[in-house]
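Chain and residue survey
Now for the letters of each chain:
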Amino acid sequence: MLRIKNLHAYYGRIKALDNVSLHVRPGEIVSLIGANGAGKTTVLNTISGLIRFSQGEIRFEDSKINGLRPEKIVAAGISQVPEGRQIFAPLTVRENLELGAYLRFKKKENEGITSDLDRVFQLFPRLKERSGQIAGTLSGGEQQMLAIGRALMAKPKLLLLDEPSMGLAPLIVKDIMNTVSELRKGGMTILMVEQNARASLTISDRGYVLETGRVVLQGPSDELMDDSDVKRAYLGKDYKTFWEGRERA
Amino acid sequence: MTFWDGENERIKREDLEQVQLERLQSTLNRAYKNVPFYRKEFDAIGIDPGALSSVQDITKFPFTTREDLGDNYPYGLFAVPLRDIVRISSSTGTTLKPVVVGYTMRGLKVREAITSRFLAAGGVLDTDVVQICLNPGLSNWGRALKEGAEHIGASVMPMSHMGTTKQLLTMQDYKTSVLLTTPSYAMHMVEVMKSINMDAGTLSLKAIIVMGEALSQEMRERLESALKIDVRAAYGPSDVMGPGIAFECAEKNGLHISEDHFLLEIIASDSDAPCAPGETGEVVLTMLTAKAFPLIRFRTGDLAFKIAGSCPCGRTLERMSGITGHTGEVLTIRGVKVHPAQIDRIIKGAIKGFSSRFLIHLYKESHLDMTEIWLEMNDALFSDEMKVLDATLKYLREQILEILGLHVTIRLVEAETIGEYEKPSGGVIDER
């Protein structure tokens, strides 16, 4: 569904992505994990057209989408849930969701929008209860649900999730991850960036590990979960030397 | 169970290329980051892993040779801390030092999956009894095969030190259905069956999967007709990788390469340029999924060619021929790679003040590779006490067996005999 080859991107003179290739198959959840500053969010932002990249190719459903403006990419079927939710705080929950369908309003798909609103409310009953509430007064977990709901209103085929667990209590993280799994069961394809490697690998099919702009490892999520490098990164423990951890007589 | 891993064995070429590109890029990134040898090699020619934008770009990167393995002995090419290594595999290697390959826990699982895939393509089912007969020099393969066959669910008899007659008796009594061995040992078994009057009809054998040596059409036909079985060939360089890098399917029209795990190049021996399908050249392998020991552009010294076109079996994995020969001086004796310089070194270590010449004579006896060392008689060797000379030669034989895992005979010859062959000391007379 999504096929990225040899992506190179810069922030000013700093190389943020160095030859990144990855793919997402229809119906998959794919995790992009790595430390802060590894380039995870940059990958999502280049896909959704928010930042330009210097070299590489992004194909979505067999058409090249690099160089397209963000709204064209949304129209092609890719929606991003940004890091830190970025909901419209002064607006109500319902208004936030309706804004997610902005492009479709322009295309006069009003009926479809109403039924999608119902679907989002079904997925997140909490949002329905609070549809008239000012979004800024929601809890962190509810705001994350709203951000996902808003992205779904654009009726995407591929959902890009940027750090959905950020700043949330472990129980709420579990809720969010369950929601992501539910979305996939409904046929959604998901590319998710996470610092919480464990939470994200638990629900994803495959993963890529980014390190200073380069992919250093990829594979099925269960393999990555067992991988010593990933464990070390996750536990923040590293071996300084080749021999460390093996006793020498 | 023709397909063990149908999804990946029948993957669309376009999808396979994406997977290969991603795996190659991350392998290069890890090698550059974690292995000083690769960093130095890449830096020396000014190439960065970021420069690889297609699988074909692999040709921009330097080769790894058997000498490099020797120079970086023991752990120099490992890409993970020793703490992550759960298996350390040694083989005699072709330089003065053994070859050391490490596996992480995950690496062993990957190897197991690759091995199961190739054994399943060769017809191994969970209802089979599998017998492994390889010489000790191929014990790393023996372990890989055992794990792969057990993973399928077959009943497996691992390698053992039993002689051929006992092996045959076991094969008969335990109702072995698939034999894993070298082509020459399979031929030898047929000979021994004749001599002990064992009838092929008393065996439960349905297939032999052979590896380690070239399989000629004649050998295949003889084995298939003598034993009424199916013969399948497989390929892998025995010193650094498992046996199932490429394998035959039921069509028997070439060996499918496990391209999602290994990138295979065939290069012209003279120019190092890529060969077109049908053109014979040296097999060069890059590991795409090895985490602990990622070899990049490893020159195997084996000669083969790629086969164009698709296979009726449905696998989209590209095909190669069986091994048609070897480059340079590295010998393959009973499937084990040996460099004449190793023998030279052992002789000089075993015989004090050895200054004369020697030749390595290879021939076949009952289809098995036989090795004879021709030592030139001279004063240093010639002791007036036969006992002393006998002890020296016995020690030399033991040393060769211990270091290379090879049984050899030693023949003392006149200087003129050596001279007739017009070969430098350490030369090879290959009459196989």
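Scroll up to find the structure this text is about.
**Side note on the environment of Ala292 of chain B**
All names here are of chain B. With respect to the helices, strands and loops of the structure, Ala292 is situated in the loop between strand E11 (281-287) and strand E12 (298-304). C-alpha of Ala292 to C-alpha of Gln56: the two residues are 236 residues apart in sequence and 24 Å apart in space. For Ala292, the contacting residues outside a window of four places in its chain are Leu77, Phe78, Ala79, Val80, Ile85, Gly102, Tyr103 and Thr104.

**Some thoughts on the packing of aromatic side chains**
Aromatic ring pairs are reported here in terms of the distance separating the ring centres and the angle at which the planes meet. All names here are of chain B. Summed over the entire model, instances satisfying the criterion amount to 7 aromatic pairs over all chains. With a centroid separation of 5.2 Å and 65° between ring planes, the pair formed by Phe37 and Tyr38 is classed as edge-to-face. The exposure classification of Phe37 matches that of Tyr38, with both residues buried. Between Phe118 and Phe247, the ring centres sit 6.5 Å apart and the planes meet at 35°, which makes this aromatic pair tilted. One end of the pair, Phe118, is in helix H5 (residues 105-121); the other, Phe247, is in strand E8 (residues 246-248), with 129 residues separating them in the sequence. With respect to burial, Phe118 and Phe247 carry one shared label: buried. Three or more aromatic residues link up through ring pairs in this structure, and these residues are Tyr32, Phe37, Tyr38, Phe42 and Phe61. Over the ring of Phe3 we find Arg10; its NZ or CZ atom is 4.0 Å from the centre of that ring. One cation-aromatic arrangement involves Arg111 over Tyr103; the distance from NZ or CZ to the ring centre is 4.7 Å.

**Quick notes on the sheet that holds strand E4 (residues 55-60) of chain A**
The 4 strands are arranged E2-E1-E4-E5 (chain A) in an open sheet whose pairing can be described as antiparallel. Each of the sheet's edge strands pairs with one partner strand only, and the pair in question is strand E2 (14-24) and strand E5 (63-64) of chain A. Pairing analysis gives 2 bridges linking E4 of chain A to E5 of chain A, with the strands arranged antiparallel. Its bridge partner being in E5 of chain A, Phe60 of chain A is matched across the sheet by Ser63 of chain A. Docked against the sheet, helix H2 (residues 13-34) of chain B engages strand E1 (2-11) and E2 of chain A, running at close to 145° with respect to E2 of chain A.

**A few points about the interface of chain A and chain B**
Chain A puts 32 residues into the contact, and the matching count from chain B is 31 residues. Roughly 2700 Å² is buried in total at the junction of chain A and chain B, and carbon and sulfur atoms are behind 43% of that figure. Together, Arg3, Phe242 and Arg246 of chain A form the three largest contributors to the area buried by chain A at its contact with chain B, with a combined 23%. Counting the contacts that link chain A with chain B gives 7 salt bridges. Linking chain A to chain B there are 23 residue pairs in polar contact (both at pLDDT 80 or more). Listing elements by their share of the side of chain A that touches chain B, those giving two or more residues are E1, E2, strand E9 (206-211), strand E10 (214-220) and helix H11 (228-235) of chain A. Among the elements that take part in the side of chain A that touches chain B, E2 of chain A stands out by supplying 6 residues, more than any other.

**Side note on the nonpolar core**
All names here are of chain B. In terms of nonpolar packing, the biggest core is built from 78 residues, with Tyr38, Leu227, Val240, Val283, Leu295 and Met320 touching the most fellow members. Ranked by residues supplied to this core, first place goes to helix H8 (residues 183-195) with 7 residues. Residue contacts for Val283: discarding those within four places in its chain leaves Tyr235, Leu264, Glu265, Ile266, Phe298, Arg299, Thr300, Gly301, Asp302, Ala304, Met320 and Ile323. In terms of nonpolar packing, the next biggest core, distinct from the first, is built from 46 residues, Phe118, Ile152, Met211 and Ile343 among them.

**Section: the packing of helix H7 (residues 164-173) of chain B against H8 of chain B**
All names here are of chain B. As a packed pair, H7 and H8 sit with axes 10 Å apart at the nearest point and diverge in direction by 85°. Accordingly, the angle class assigned to the pair H7 and H8 is roughly perpendicular. Judged by residue contacts, Thr164, Thr165, Gln167, Leu168 and Met171 of H7 engage Tyr185, His188, Met189, Val192 and Met193 from H8. Grouping the amino acids of the contact of H7 with H8 by side-chain chemistry returns 6 nonpolar, 4 polar and no charged.

**Quick notes on the pairing of strand E10 (residues 262-267) of chain B**
All names here are of chain B. Of all 6 residues in E10, 6 are buried, a share of seventy percent or more. Here E10 shows no split at all, with Phe262, Leu264 and Ile266 on one side and Leu263, Glu265 and Ile267 on the other all buried. Here E10 pairs with E11 via 6 bridges, running antiparallel. The residue of E11 that forms the bridge with Ile266 is Val283.

**Observations regarding the pairing of E11 of chain B**
Residues and elements named next belong to chain B. By the criterion of burial, E11 is predominantly enclosed, with 7 of the 7 residues buried. The pairing of E11 with E12 spans 4 bridges and is antiparallel. In the strand pairing of E12, Leu285 is matched with Phe298.

**So, the side chain of Glu265 of chain B**
All names here are of chain B. Mapped onto the fold, Glu265 is located in strand E10. Side-chain polar atoms of Glu265 contact the side chain of Arg297, separated by 2.6 Å. If we skip the residues at most four places from it in the chain, Glu265 touches Ile58, Thr59, Glu282, Val283, Val284, Thr286 and Arg297.

How each quantity is defined
- Residues numbered from 1 in each chain as written.
- Chains lettered and ligands numbered in written order.
- Predicted model: local features only at pLDDT ≥ 70, side-chain atom pairs only at ≥ 80, totals over all residues.
- Heavy atoms only, no water.
- Helix = DSSP H or I, 4+ residues; strand = E, 2+ residues; numbered from the N terminus.
- Contact = heavy atoms within 4.5 Å.
- Phe/Tyr/Trp six-rings, centres within 6.5 Å; stacked < 30°, edge-to-face > 60°.
- Buried < 20%, exposed > 50% of the residue type's maximum accessible area, 1.4 Å probe, protein only.
- Lys NZ or Arg CZ within 6 Å of the ring centre and 35° of its normal.
- Pairing = 2+ DSSP bridges.
- Axes fitted to C-alpha atoms, helices over the stretch in contact; angles between N-to-C directions.
- Buried area = accessible area lost by both parts, 1.4 Å probe.
- Salt bridge = Lys/Arg side-chain N within 4 Å of Asp/Glu carboxyl O.
- Polar contact = N/O pair within 3.5 Å; in protein donor to acceptor, adjacent residues only side chain to side chain.
- Core = buried A, V, L, I, M, F, W, Y, C linked by side-chain atoms within 4.5 Å.
- Parallel < 35°, antiparallel > 145°, perpendicular 65-115°, else oblique.
- Nonpolar A, V, L, I, M, F, W, Y, C, P; charged D, E, K, R; others polar.

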